[in-house]
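Below, each chain spelled out in residue letters.
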Amino acid sequence: MLLRLAERTLIFLVSLVVSSVFVFGFMVLLPGDPAKVALGTNATPESVAALREEFGLNRPLLEQFLSWAGGLVRLDPGVSYISRAEIGPQLADRLQVSLILVLASMLIAVTIALPLGTLMAVHHRSTLGLGLSALSQVGVAVPAFLAGILLITVFAVQLRWLPAGGWVPPAYNPVEFLRHLLLPALSLGLIQGAVLTRYVRSAVLDVLREDYLRTARAKGLTPMRALVRHGLRNAAVPVVTVLGLQLATLLVGAVVIERVFVIPGLGSMLLDAVGNRDLLVVQDVVMVLVVAVLLVNFVVDLLYVVIDPRLRTGAR
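Residues numbered from 1 in each chain as written. Predicted model: local features only at pLDDT ≥ 70, side-chain atom pairs only at ≥ 80, totals over all residues. Heavy atoms only, no water.

Colleague: Help me out: how do you make sense of the overall build of the protein chain in this one?
Modeller: The secondary structure content of the protein chain amounts to 13 helices and zero strands. In the protein chain, the succession of helices and strands from N to C terminus is α-α-α-α-α-α-α-α-α-α-α-α-α. Burial status across the protein chain gives 39% buried among its 316 residues. For the protein chain, the proportion of contacts with a sequence separation of at least 24, taken over those separated by at least 6, is 71%. As presented, the protein chain carries roughly 17300 Å² of accessible surface, and 68% of it is formed by carbon and sulfur atoms. (Helix = DSSP H or I, 4+ residues; strand = E, 2+ residues; numbered from the N terminus. Buried < 20%, exposed > 50% of the residue type's maximum accessible area, 1.4 Å probe, protein only. Contact = heavy atoms within 4.5 Å. Areas by Shrake-Rupley, 256 points an atom, 1.4 Å probe, with all protein chains shown as cover.)

This is the structure:
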């Protein structure tokens, strides 16, 4: 078990280093001089050279990369080329907002998918199972931003039950925080819940066909009790894999939803930085998203060891 954990940790660290190299290299290859963009079209060559000196843009690329990566390790991502403001506090505030949105969306998705997916598998030959399967297919086909617009139209514009956008910090007003969070979280959670439901259904169906579950039913357990007692743990392994992938998808999908609902998260920060060509902010935000995705995959690998005893003993 310890060997497997060490192996996964090493893979995570190597992936982190390789990803940082790719992110830095991609930003370097983009056309345009960040110093010229920051100073505007009327900047003199002297002022551009002075700014490049100030931000270290005239140093060798390897030195620039090591300085940037070292700053990230020290939790000091640098200063914006455009606003001259520290990027670290902005990243921390925006990351908190995005994490709240993503975790709330994932909670909604799991709450929908686990019972419905199991129900669809148990009743896969009945009218109920077919109806739920068709409903989940519709959910898979709807983009999250379209679901957000539809929810705004119904619950904010027509019924006026919830606000159409904006953000209220939870410490400032918990009730208003929940009211502003509900629609964007539903926009992401309902769609991801429909996708996850299909995987839960498939995983549970595979378990229902196993011999040990037939044996449990032959001993007198009902199909549902046999599934709960003996089958769900085995069905959880592929579902955890999909959960990890979906959590990474939610981190990326939140970029669009944050724009639709005017939420000050990482997505809005990234799009604003792209529009202003504030390349260091773009580089930092992309790297934070990459780290988040790699961290999710690392946690999923650890959960495999917890769920499947064969991985703890080294059996295959």
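Colleague: Explanation requested: the pattern of salt bridges in the structure shown.
Modeller: For side chains of opposite charge, pairing can occur when their charged atoms come near one another. Within the structure shown, the criterion is met by three salt bridges. Taking the shortest distance from any N to any O, the salt bridge between Arg259 and Asp272 comes out at 3.0 Å. Residue Arg259 is found in helix H10 (residues 223-260), and its partner Asp272 is found in helix H11 (residues 266-276); the two are separated by 13 residues along the sequence. Classification of Asp272 by relative accessible area gives partly exposed; the value is 33%. (Salt bridge = Lys/Arg side-chain N within 4 Å of Asp/Glu carboxyl O.)

Colleague: Could you clarify how one ought to interpret a nonpolar patch on the surface in this entry?
Modeller: Together, Phe145, Leu146, Ile149, Leu150 and Val256 make up an exposed nonpolar region whose accessible area comes to about 420 Å². Per element, the largest residue contribution to the nonpolar patch is four residues, and it comes from helix H7 (residues 144-158). Take Ile149: its relative accessible area is 39%, and that puts it in the partly exposed class. (Patch = residues over 30% accessible without salt bridge, like charges linked within 9 Å, V, L, I, M, F, W, Y side chains within 5 Å.)

Colleague: Quick question: what am I supposed to make of the packing of helix H5 (residues 87-122) against H11 here?
Modeller: Packed helices, taken two at a time, are described by their axes: the angle between them and the distance between them. The contact between H5 and H11 brings their axes to 7 Å, and the two run at 135 degrees. When the axis of H5 is compared with that of H11, the two are oblique. Facing H5, whose interface residues are Ile87, Gln90, Leu91, Arg94, Leu95 and Ser98, H11 presents Leu266, Gly267, Ser268 and Met269. Classifying every residue of the contact of H5 with H11 by side-chain character gives five nonpolar, four polar and one charged. (Axes fitted to C-alpha atoms, helices over the stretch in contact; angles between N-to-C directions. Parallel < 35°, antiparallel > 145°, perpendicular 65-115°, else oblique. Nonpolar A, V, L, I, M, F, W, Y, C, P; charged D, E, K, R; others polar.)

Colleague: Is there a simple way to think about unusual backbone geometry in this case?
Modeller: Leaving glycine aside, a negative phi is the common case for residues, and trans is the common case for peptide bonds. Here Arg84, not a glycine, exhibits a phi torsion of approximately 65 degrees, which is positive. With respect to the helices and strands, Arg84 occurs in the loop between helix H4 (61-73) and H5. With a relative accessible area of 42%, Arg84 lands in the partly exposed category. One non-glycine residue, Val262, lies in the positive phi region at around 55 degrees.

Colleague: Got a minute to help me understand the nonpolar core in this structure?
Modeller: Within soluble globular proteins, side chains that are nonpolar tend to cluster in buried spots. Within the largest apolar cluster, 27 residues are counted, with the highest numbers of intra-cluster contacts made by Leu101 and Leu181. For this core, the secondary-structure elements that each account for two or more residues are H5, H7, helix H8 (174-208), H10 and helix H12 (279-307). In contact with Leu181, not counting residues within four places along its chain, are Ile100, Leu101, Ala104 and Trp167. (Core = buried A, V, L, I, M, F, W, Y, C linked by side-chain atoms within 4.5 Å.)

Colleague: Sorry if this is basic, but what is going on with H4 here?
Modeller: Owing to its 3.6 residues per turn, the α-helix aligns residues three or four sequence positions apart on the same side. Here H4 is 13 residues long and its end C-alpha atoms lie 18 Å apart, about the 18 Å a rise of 1.5 Å per residue gives. Taken together, the buried positions of H4 are Gln64, Phe65, Trp68, Ala69, Gly70 and Gly71. Directly beyond the C-terminal end of H4, a positive phi value near 60 degrees is found at Leu75. (Expected span 1.5 Å × (residues − 1).)

Colleague: Mind showing me how you'd approach the packing of aromatic side chains here?
Modeller: The description of an aromatic ring pair uses the distance of the two centres, along with the angle that the planes make with each other. The tally for this structure, following the rule as stated, stands at six aromatic pairs. Note on Phe155 and Trp161: the rings are 6.0 Å apart at their centroids and 45 degrees apart in plane angle, and the pair reads as tilted. Taken together, the aromatic side chains of Phe24, Phe65 and Trp68 make up a single cluster linked through ring pairs. (Phe/Tyr/Trp six-rings, centres within 6.5 Å; stacked < 30°, edge-to-face > 60°.)

Colleague: Got a minute to help me understand the side chain of Glu258 in this structure?
Modeller: Along the chain, the position of Glu258 falls in helix H10. Buried and unpaired, Glu258 has no salt bridge, with Arg94 as the nearest side chain of opposite charge at 6.4 Å. Separated by 3.4 Å, the side chain of Glu258 and the backbone nitrogen of Leu266 make a polar contact. Those residues in contact with Glu258, other than ones at most four positions away along the chain, are Ser98, Leu101, Ile263, Gly265, Leu266, Gly267 and Ser268. (Lys, Arg positive; Asp, Glu negative; His and termini not counted. Polar contact = N/O pair within 3.5 Å; in protein donor to acceptor, adjacent residues only side chain to side chain.)

Colleague: Can you help me understand the packing of H5 against helix H6 (residues 127-141) in this one?
Modeller: Viewed as axis vectors pointing N to C, H5 and H6 meet at an angle of 135 degrees, and their least axial separation amounts to 8 Å. Compared by their axis directions, H5 and H6 come out oblique. In terms of crossing hand, the pair formed by H5 and H6 is left-handed. Counted together, Leu116, Leu119 and Met120 of H5 and Leu128, Gly129, Leu132, Ser133 and Ser136 of H6 form the full contact between these two elements. Of the residues assigned to the contact of H5 with H6, the class counts are five nonpolar, three polar and no charged. (Left-handed = near helix turned anticlockwise from the far one by under 90°.)

By themselves, these observations are geometric and do not establish any function.
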